[in-house]
Amino acid sequence: MKGLQLLFVSCLLTLGVAAKVTLPSVIDHHMVLQRETQVPLWGETRSHQKVTITTTWNNWVYTVKADAQGAWKVKVQTPKAGGPFQIHFNDGELLVLTDILIGEVWVCAGQSNMEMPVQGFRNQPVLHSNEILLDADNGQIRLFQLERAASMKPQPNGKAVLWQESNAESVRGFSAVGYQFAKILQEKLGVPIGIIGTYWGGTKIEAWMNRKSLQPFQDISVPADTVGTGKNTPTALYNAMVHPLVGFGIRGMIWYQGEQNRMNPHQYDQLMLSMVNSWRNLWNQGEWPFYFVQIAPFGYKDKLGPAAPIREAQEKAARLLPNSGMVVSMDVGEEANIHPANKTAISRRLAYWALAKTYHKKGIAFASPTFKSMEVKDNGTIAIKFDHAPLGLTSHGKALSAFEVAGADQQFYPAKARITGDGVWVSSDQVKKPVAVRYAYKDWVIGDLFNTSGLPVVPFRTDNW
């Protein structure tokens, strides 16, 4: 009899565990939900079980029935920014999430320059990292970070460093670009900010794309099984590090990737276009903003290929993608370090885009100057004009050194350059009849031309050689 009683109690405990709602890692205590919208919440319970969800900011009750596999999903209305709040999930057993804030949510993604944490990498520091950590205490900023993982099947959930308040301990291992971007937004908007990190160094864009978005690219094959799955296997990172986030309410995404795609710059702009369009369709939350960083100058010594063409492809992608913007980093690279220390400048420039374009803050310059036109003068000088330089240009008192010109022989020579009232004039004693000009079109170069708001000129070339 005693044995039967123990068995009965064991069965009850098993049923209780099975009945309790389970949630994906991104839906947890301390999270930030996107404000003033309908955000999806989802999870699992028993097959065909009814689940009620109560949100304490308005005391609304939502009821949803799980499908045959126990999966359920519901959208809840969020208010203006505030908190902390609770969310109650009840399928016969109560689960309460606490300390929920309502505000703005962004995803930061990419490879190592996005992954580089505030504490830096070994022998590779982040500029002023200790000062950044000293000022990191802010309960209105919450951090969530997916762990590195690769899979050939879309994963419903992912291992993660769960939502944490911003402080020196939680921030030190988080993306320096992502955290500082979030900090700027929190200070300027005055609302809670959630920042979600999903990144892995040395990764190609193809790994971050799903199978459907890669179909137009016949030269890229997606393995049918898991044999040999690695971080650069096409779709492997999408499946493990993007799919678990799909649908979570966000305002937008910041992206820093490209170094690993220097072998195929001819298709990178189309890959990025297909990736972003696919993500937006999957999220089903409209054309959320996508702001990204053009790769920094660096003295590459590998065989992947030159950097200038991939930067050119990134600039093309910025023109192709609606509701996107590109940050230029040509002035903050390091010849011997592929991970430049100055992540603050990058974060600020990403924040300029978000504050001006997404949050409609007036008076903030955000777009770097871009090549507009060139005219060859009779004396062999080329006059160049730029967009996004309403008050002209500056080199901050330094001589311009990143221009080159070429004649019909297609041989480029260093050019003398000077800023004029409406652009830049360039010439070279070695090229009497110039036909083409390039600016900062190299692996390693120091960008030295800016608009008067301090935003560096986008590297360019006028030829197609």
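The paragraphs below set out a description of the structure included in this document.

Parameters and conventions
Residues numbered from 1 in each chain as written. Predicted model: local features only at pLDDT ≥ 70, side-chain atom pairs only at ≥ 80, totals over all residues. Heavy atoms only, no water. Phe/Tyr/Trp six-rings, centres within 6.5 Å; stacked < 30°, edge-to-face > 60°. Helix = DSSP H or I, 4+ residues; strand = E, 2+ residues; numbered from the N terminus. Buried < 20%, exposed > 50% of the residue type's maximum accessible area, 1.4 Å probe, protein only. Core = buried A, V, L, I, M, F, W, Y, C linked by side-chain atoms within 4.5 Å. Contact = heavy atoms within 4.5 Å. Pairing = 2+ DSSP bridges. Axes fitted to C-alpha atoms, helices over the stretch in contact; angles between N-to-C directions. Expected span 1.5 Å × (residues − 1). Polar contact = N/O pair within 3.5 Å; in protein donor to acceptor, adjacent residues only side chain to side chain.

## Quick notes on the packing of aromatic side chains
Within the structure shown, the criterion is met by 23 aromatic pairs. Aromatic pair Phe174 and Tyr199: ring centres 6.3 Å apart, planes at 80°, arrangement edge-to-face. In this pair, Phe174 is assigned in the loop between α4 (168–171) and α5 (176–189) and Tyr199 in strand β10 (residues 193–199), connecting sequence segments 25 residues apart. No difference in accessibility class separates Phe174 from Tyr199, as the two residues are buried.

## With respect to the nonpolar core
Side chains of a nonpolar character, in soluble globular proteins, are inclined to be buried together. In this structure, Ile53, Phe248, Trp255, Trp279, Phe290 and Phe403 are the most contacted members of the largest nonpolar core, which totals 101 residues. Not counting the four nearest positions on each side in its chain, Ile53 is found in contact with Leu41, Trp60, Val61, Tyr62, Val64, Trp72, Val74, Val76, Ile87, His88 and Phe89. In this structure, Val118, Tyr179, Ile184 and Tyr256 belong to the second largest nonpolar core, which totals 41 residues.

## So, the sheet that holds strand β20 (residues 423–427)
Across the sheet, which stays open at both edges, the four strands sit in the order β14-β15-β20-β19 with antiparallel pairing between neighbours. Lying at the two open borders of the sheet, with one neighbouring strand each, are β14 (370–376) and β19 (416–420). Each neighbouring strand pair of the sheet contributes to a mean axis angle of 25°, computed without reference to strand direction. Two elements, β14 and strand β15 (residues 382–387), share six bridges in a ladder whose sense is antiparallel. Opposite Glu375, over in β15, you have Ala383 as the bridge partner.

## Brief notes about the sheet that holds strand β23 (residues 460–461)
Here four strands make up an open sheet; going across it, the order is β18-β17-β21-β23 and the pairing antiparallel. The two strands at the open ends of the sheet, each matched to only one other strand, are β18 (412–414) and β23. Pairing analysis gives two bridges linking strand β21 (residues 436–439) to β23, with the strands arranged antiparallel. Looking at the pairing, Arg438 lines up with Arg461 of β23.

## Here's the deal with helix α10 (residues 343–358)
Taking 1.5 Å of rise per residue, the 16 residues of α10 would be expected to cover 22 Å, and the 22 Å separating its terminal C-alpha atoms lies within 8% of that figure. Counting buried positions along α10 gives twelve out of 16 residues, so the element sits mostly inside the fold. Turning to α10, its buried residues are Lys343, Ala345, Ile346, Ser347, Arg349, Leu350, Ala351, Trp353, Ala354, Leu355, Ala356 and Thr358. At its buried positions, α10 is contacted by β7 (94–110), α2 (112–115), α5, β11 (252–256), β12 (290–293) and β13 (324–327). Its side-chain oxygen placed 3.4 Å from the backbone nitrogen of Thr344, Asn342 serves as the N-cap of α10. Looking one or two residues past α10, His360 carries a phi angle of roughly 60°, positive in sign.

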